[in-house]
Amino acid sequence: MKLFGLPILLSIVAGVIFPYTAISLLPYGFVFLFILMLLSGLTIDWPTVPHALRRPWPLVLGLFLCFIFFPLLQLLLARLLLTDSQFIGGLLFGALMPPAMVAPFFTRLLRGDEEISFLLMVAATLIAPLVAPLLLKLGAGSLLPIEIAPMMKSMLLMVTLPLLGGFLIARYLPQVRKGVEPWLGVGNMAALSVLIFIMFGTAVGRLNLGYETPTEIGKLLGLAFLQDFGVLLAARFLLPQLLEPREATAVLVTLAMKNVAIACGVLFFYDPRAALPPALVFVAHACLFSLLPAAGKWLAVRPTSEKS
């Protein structure tokens, strides 16, 4: 898992080198996203989810930052730096995604509160199909002809339905879950790698990136890194004032890694050009996943007694 960023980087490179192979797989992108979310549903320890009621403040604060505060900041930056309305809408949609399923793993590496990270990730993933399209409409409705109902339907099919399948398997077919459990990490990474390959290959071969100026692509890439590292650093400054140290570490790590595979999967069928900004976030993810374990001692919030 410490080399988590390497398969992502290799998939990006493969997509750039073999774009037409990726384009040929585009019709199956929905299938790989469904598999990714189904396997993710099998990794969730569902009986612990109701425990969120015992610790509402970190969860409520995390959801506010996840869906309102940081996406609003990213929208303001996008409006200042970009002129293409599809890129602005795509960047906002990526910012409105729930945290990635690997967030609790990295939280544990930094000795944060793994339960808070897990609960924030699950809660955000469950409400995202309803919240994200609505907030996208409110934030970028003047820029894009957004139809909320079809987008909600797509997200429910790609996110909620496979998660429900994972829950049902875990609940009623525990032997099936036990049998596949040793392979869940490999399966998740394989499905995610294929998705990233399809997304980048399609972006290179079909979205006419040659017509975009290097400056515009550079701005998009810079905003992609801000979505990961900018959020990480801003949350590191903000959260120690609002949460206990281990809770603050959990929330800052979790908010820094959005599940942009969902955004890309929806947008490639809804508005392919708008899918480029969230697809570029995978470049930032590859760097974040590789650097986070090494930077943990500096980033993690520690109690005063440990600092001294």
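Please read these numbers as outputs of a predicted model, since none were measured by experiment.

What to know about the overall build of the chain
Here's step 1: Of regular secondary structure, the chain possesses 15 helices and zero strands.
Here's step 2: Computed over the C-alpha atoms, the radius of gyration of the chain is 18 Å, within 12% of the 19 Å expected from 2.2 N^0.38 for a compact globule of 308 residues.
Here's step 3: Along the longest, intermediate and shortest principal axes, the C-alpha atoms of the chain span 55 × 45 × 35 Å.
Here's step 4: Across the 308 residues of the chain, 53% fall into the buried class.
Here's step 5: A fraction of 85% describes how many contacts in the chain between residues 6 or more apart in sequence connect residues 24 or more apart.
Here's step 6: Here the chain has roughly 13700 Å² of accessible surface; of this, 71% comes from carbon and sulfur atoms.
Here's step 7: Here the chain holds 20 positive side-chain charges and 14 negative ones, and the gap between their average locations is 3 Å.

Let's talk about the nonpolar core
Here's step 1: Formed by 101 residues in total, the largest nonpolar core has its most connected members in Phe-93, Leu-239, Met-257, Phe-282 and Leu-292.
Here's step 2: It is helix 7 (residues 114-140) that contributes the most residues to this core, 13 residues altogether.

Some remarks on the packing of helix 1 (residues 5-17) against helix 14 (residues 276-299)
Here's step 1: It is at 8 Å that the axes of helix 1 and helix 14 come closest, and there the two elements cross at 155°. Classified by the interaxial angle, the pair formed by helix 1 and helix 14 is roughly antiparallel. Both helix 1 and helix 14 take part in a crossing whose hand is left-handed. Between helix 1 and helix 14, the residues in contact are Gly-5, Ile-8, Leu-9 and Ile-12 and Phe-282, Val-283, His-285, Ala-286, Phe-289 and Ser-290, respectively.

Examining the pattern of salt bridges
Here's step 1: Evaluation of the coordinates by the stated rule reveals three salt bridges.
Here's step 2: With a shortest N-O distance of 2.6 Å, Glu-114 and Arg-108 are connected by a salt bridge.
Here's step 3: We classify Glu-114 as partly exposed; its relative accessible area is 30%.

Focus: the environment of Glu-244
Here's step 1: Checked against the element boundaries, Glu-244 lands in the loop between helix 11 (214-238) and helix 12 (245-255).
Here's step 2: Overall, the relative accessible area of 53% leaves Glu-244 in the exposed class.
Here's step 3: A sequence separation of 131 residues divides Glu-244 from Asp-113, and the C-alpha atoms of the two residues are 9.6 Å apart.

As for a nonpolar patch on the surface
Here's step 1: Where nonpolar side chains cluster on the molecular surface, the patch consists of Leu-157, Leu-161, Leu-164, Phe-167, Leu-168, Tyr-172, Leu-173, Val-176 and Val-180 and spans about 760 Å² of accessible area.
Here's step 2: Elements represented by at least two residues in the nonpolar patch include exactly helix 8 (148-172) and helix 9 (174-180).
Here's step 3: If you tally residues by element for the nonpolar patch, the top one is helix 8, at six residues.
Here's step 4: Checked against the element boundaries, Leu-157 lands in helix 8.

Some points on the packing of helix 4 (residues 56-81) against helix 11
Here's step 1: Between helix 4 and helix 11, the shortest axis-to-axis distance is 11 Å and the interhelical angle comes to 140°. The angle between the axes of helix 4 and helix 11 places the two elements in the oblique class. Considering only the axes of helix 4 and helix 11, their crossing is right-handed. Listed contacts from helix 11 to Leu-65, Phe-69, Phe-70, Gln-74, Leu-77, Ala-78 and Leu-81 of helix 4 are Lys-219, Leu-223, Leu-226, Gln-227, Val-231, Ala-234, Ala-235 and Leu-238.
Here's step 2: In terms of residue class, the contact of helix 4 with helix 11 is made up of 12 nonpolar, two polar and one charged.

Some remarks on the environment of Lys-297
Here's step 1: Position of Lys-297 relative to the elements: it lies in helix 14.
Here's step 2: Distance from Lys-297 to Met-121, taken between C-alpha atoms, is 23 Å for residues 176 residues apart in sequence.

Here we look at the packing of aromatic side chains
Here's step 1: Within the structure shown, the criterion is met by five aromatic pairs.
Here's step 2: Each ring, one from Phe-30 and one from Phe-34, has its centre 6.2 Å from the other, and the planes form 45°; the classification is tilted. Here Phe-30 pairs with Phe-34, and both are found in helix 3 (residues 29-43), just four residues apart, close to one helical turn.
Here's step 3: With a relative accessible area of 29%, Phe-30 lands in the partly exposed category.
Here's step 4: Residues Phe-69 and Phe-70 carry aromatic rings whose centres are separated by 5.2 Å and whose planes lie at 75° to one another, so their mutual orientation is edge-to-face.
Here's step 5: Take Phe-69: its relative accessible area is 32%, and that puts it in the partly exposed class.
Here's step 6: Taken together, Phe-105, Phe-106 and Phe-289 form an aromatic cluster joined through their ring pairs.
Here's step 7: Over the ring of Tyr-172 we find Arg-171; its NZ or CZ atom is 5.1 Å from the centre of that ring.

Some thoughts on the environment of Pro-303
Here's step 1: Note on placement: Pro-303 falls in the loop between helix 14 and helix 15 (304-307).
Here's step 2: Residue classification places Pro-303 among the partly exposed positions, given a relative accessible area of 27%.

So, how was this worked out
Residues numbered from 1 in each chain as written. Predicted model: local features only at pLDDT ≥ 70, side-chain atom pairs only at ≥ 80, totals over all residues. Heavy atoms only, no water. Helix = DSSP H or I, 4+ residues; strand = E, 2+ residues; numbered from the N terminus. Rg over C-alpha atoms; globule rule 2.2 N^0.38 Å. Buried < 20%, exposed > 50% of the residue type's maximum accessible area, 1.4 Å probe, protein only. Contact = heavy atoms within 4.5 Å. Areas by Shrake-Rupley, 256 points an atom, 1.4 Å probe, with all protein chains shown as cover. Lys, Arg positive; Asp, Glu negative; His and termini not counted. Charge placed at Lys NZ, Arg CZ, Asp CG, Glu CD. Core = buried A, V, L, I, M, F, W, Y, C linked by side-chain atoms within 4.5 Å. Axes fitted to C-alpha atoms, helices over the stretch in contact; angles between N-to-C directions. Parallel < 35°, antiparallel > 145°, perpendicular 65-115°, else oblique. Left-handed = near helix turned anticlockwise from the far one by under 90°. Salt bridge = Lys/Arg side-chain N within 4 Å of Asp/Glu carboxyl O. Patch = residues over 30% accessible without salt bridge, like charges linked within 9 Å, V, L, I, M, F, W, Y side chains within 5 Å. Nonpolar A, V, L, I, M, F, W, Y, C, P; charged D, E, K, R; others polar. Phe/Tyr/Trp six-rings, centres within 6.5 Å; stacked < 30°, edge-to-face > 60°. Lys NZ or Arg CZ within 6 Å of the ring centre and 35° of its normal.

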